[in-house]
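Structural overview
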Amino acid sequence: MTLATVPRYNPTPPTEKRGTAVVIGASMAGLLAARVLADRFADVTIIERDQLPTEPVVRRGVPQGAHPHALLEAGRVTLEDLFPRFGEELISAGGVVVDFASDVNFYSEGDFLAHGPTPMETYSATRPVIEQVVRERVSDLHGVHIHSGFQVTDYLLDDTATAVEGLELRDGEGNMEIAADLVVDATGRTSRTPTWLENHGYTPPTVDEVRIDVAYSTTYIERPADDLRTFLIPPSAPHTRGGMAAPVEGDRWVVSVHGVHGDHPPTDAAGFAEFAASLLAPEVKHLLEDYGPVSEDIEQYPFPTNRRYHYGALEQFPDGLIVIGDAIASYNPIYGQGMSVAALEALVLHHALATGGREDLALRFFDHAEAVIDTAWMLAAGADFAFSQTTGPKPRGTDLSSWYLSRLTRKAHTDRTLSSAFFRVLTMEQPPTSLLRPGYLWRVFNPIN
């Protein structure tokens, strides 16, 4: 599922809200889950282990927060639906508007893709700024409470051991319990739900892992206020190195370089610049030469594997519990899908509650979320199999789709219609199957154009 195939948010809430929901984790997935739950539950509590900052800074529980994050079209539109005026508030907080059709320069198959014929505007900002704007909007909702500095130690089961009815918590003063009609696990890749299920007699979900062994190093450099150029230069087998630069708040570019399968970039300035100079295109290197650093800090973040838990295949699951976001599936971060997938999953949760209430909520949610995950997984894990070193279960149809996309992107060097269609898939606005429409097939295989 993509933005084009998931029904948009219906802002009409039910006439009566009832019960209590608790979300574990103030991640983007957790915040967006809380937003849709606030339409249905009288009380929504978010439990966060970190002490949450009052300013947009990187926090310990989100170590990837110092690195680039993309708000793809699927995420942008869904956030605008969930939070009217979200874009205006993000811009007021320093975010900038970039146009995929004119500002974004995407390198693939030996050249940059042509700029598209029609505007495709989105927002660009750092993860802390985006998260801060969303967190403030969520905390302003009636009935929503955010509590930080608490560690969740266990789920509470009812007497029949078939339903979760709350949480055990610990803070600096001791242990406590909190009751809930619904618990949402939004704890990301550290989720302990699979182990908990196995320890309590449930069959845990099977897990797929596709090993890519990527690490990326990130710094920030000065940017003229009116320069919105964005460069995306992903690794292209057999070349294991990639990089990017995007405008963000504070008249800065966030500049990141990355390497897959152990070809990890350094964290010193000289090594960073040398790594950037080895990319398939020189634009990131030129930015580093032409503009000064904002600070000397270079942060690194490793990501060993794409990981996907198949909750949708389970036949039994405790009532009163769902899992969302990176706790279900996490993807090679160089493709920038995480926040937008979380937004689409929140949308799926909204529709599951609106159409079927709370009965069998988890299994219905997992079933529909699988379609969102399928698309993101095919785009990320499938692309990683361009490298022979990649291991794990290969998504069905990867070889054929990779061959077709390779031919399409080569044509998109000069074909603005194809480049636009490709970006609409990359940003999760349209499904990958949209690239098989007759008009696009003709452009891809026509030897003249």
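Our structure is the block above this text.
In this report, the structure presented in the accompanying data block is examined. Computed from a prediction, not measured in an experiment: that's the story for all the values here. (Residues numbered from 1 in each chain as written. Predicted model: local features only at pLDDT ≥ 70, side-chain atom pairs only at ≥ 80, totals over all residues. Heavy atoms only, no water.)

**Re the overall build of the protein**
- The helix and strand tally for the protein stands at 12 helices and 18 strands.
- With the principal axes as the frame, the protein shows a C-alpha extent of 65 × 50 × 40 Å.
- Counting all 449 residues of the protein, 54% fall into the buried class.
- In the protein, the share of contacts with a sequence separation of at least 24, taken over all contacts with a separation of at least 6, comes to 73%.
- Within the structure as shown, the protein displays about 18,900 Å² of accessible surface, and the carbon and sulfur contribution to it stands at 50%.
- Computed over 35 positive and 60 negative side-chain charges, the inter-centroid distance for the protein is 6 Å. (Helix = DSSP H or I, 4+ residues; strand = E, 2+ residues; numbered from the N terminus. Buried < 20%, exposed > 50% of the residue type's maximum accessible area, 1.4 Å probe, protein only. Contact = heavy atoms within 4.5 Å. Areas by Shrake-Rupley, 256 points an atom, 1.4 Å probe, with all protein chains shown as cover. Lys, Arg positive; Asp, Glu negative; His and termini not counted. Charge placed at Lys NZ, Arg CZ, Asp CG, Glu CD.)

**Some remarks on the environment of Pro 265**
- When you line up the elements, Pro 265 lands in the loop between β15 (252–259) and α6 (269–277).
- Residue class for Pro 265 comes out buried when judged on its relative accessible area of 3%.
- The spacing of Pro 265 and Thr 78 is 187 residues in sequence and 34 Å in space, taken between C-alpha atoms.
- Leave out the neighbours within four places in its chain, and Pro 265 touches Ala 215, Tyr 216, Ser 217, Val 257, His 258, Gly 259, Phe 275 and Gln 300.

**Quick word on the packing of aromatic side chains**
- Here the structure, examined in full by the defined rule, presents 18 aromatic pairs.
- Relative to Phe 231, the ring of Phe 112 has its centre 6.4 Å away and its plane inclined at 65 degrees; by these criteria the two rings are edge-to-face. One end of the pair, Phe 112, is in strand β5 (residues 111–112); the other, Phe 231, is in strand β13 (residues 230–233), and 119 residues separate them in sequence. Each member of the pair Phe 112 and Phe 231 is classed as buried. (Phe/Tyr/Trp six-rings, centres within 6.5 Å; stacked < 30°, edge-to-face > 60°.)

**Section: the sheet that holds β15**
- Read across the sheet, eight strands follow the order β5-β4-β13-β14-β15-β12-β16-β18 without closing on themselves; strand pairing throughout is mixed. On the outer flanks of this sheet lie β5 and β18 (329–330), each paired with one strand and no other.
- Where strand β4 (residues 104–108) and β5 come together, two bridges link them in antiparallel fashion. Its bridge partner lying in β5, Ser 108 is registered against Asp 111.
- Each of β12 (207–222), β16 (299–309) and β18 touches helix α9 (residues 361–384); the most contacted strand, β16, lies at about 125 degrees to it. (Pairing = 2+ DSSP bridges. Axes fitted to C-alpha atoms, helices over the stretch in contact; angles between N-to-C directions.)

**Some words on the side chain of Ser 217**
- Position of Ser 217 relative to the elements: it lies in strand β12.
- Since its relative accessible area comes to 0%, Ser 217 is described here as buried.
- Apart from residues lying up to four places away in sequence, Ser 217 is in contact with Val 255, Ser 256, Val 257, Pro 265, Pro 266, Thr 267, Phe 272, Ile 298, Glu 299 and Gln 300.

**Notes on the environment of Val 144**
- Mapped onto the elements of the fold, Val 144 is located in strand β7 (residues 144–148).
- Overall, Val 144 belongs to the buried group, its relative accessible area being 7%.
- Between the alpha carbons of Val 144 and Asn 332 there is a distance of 32 Å; along the sequence they are 188 residues apart.
- Residues in contact with Val 144, not counting those within four places in the same chain, are Ala 38, Val 44, Val 138 and Ser 139.

**Topic: unusual backbone geometry**
- Here Ala 237 and Pro 238 are connected by a cis peptide whose omega angle stands at 5 degrees.
- In this structure, Asp 251 takes a positive phi of about 50 degrees despite not being glycine.
- Mapped onto the elements, Asp 251 comes out in the loop between β14 (241–248) and β15.
- Judged by its relative accessible area of 40%, Asp 251 falls in the partly exposed class.

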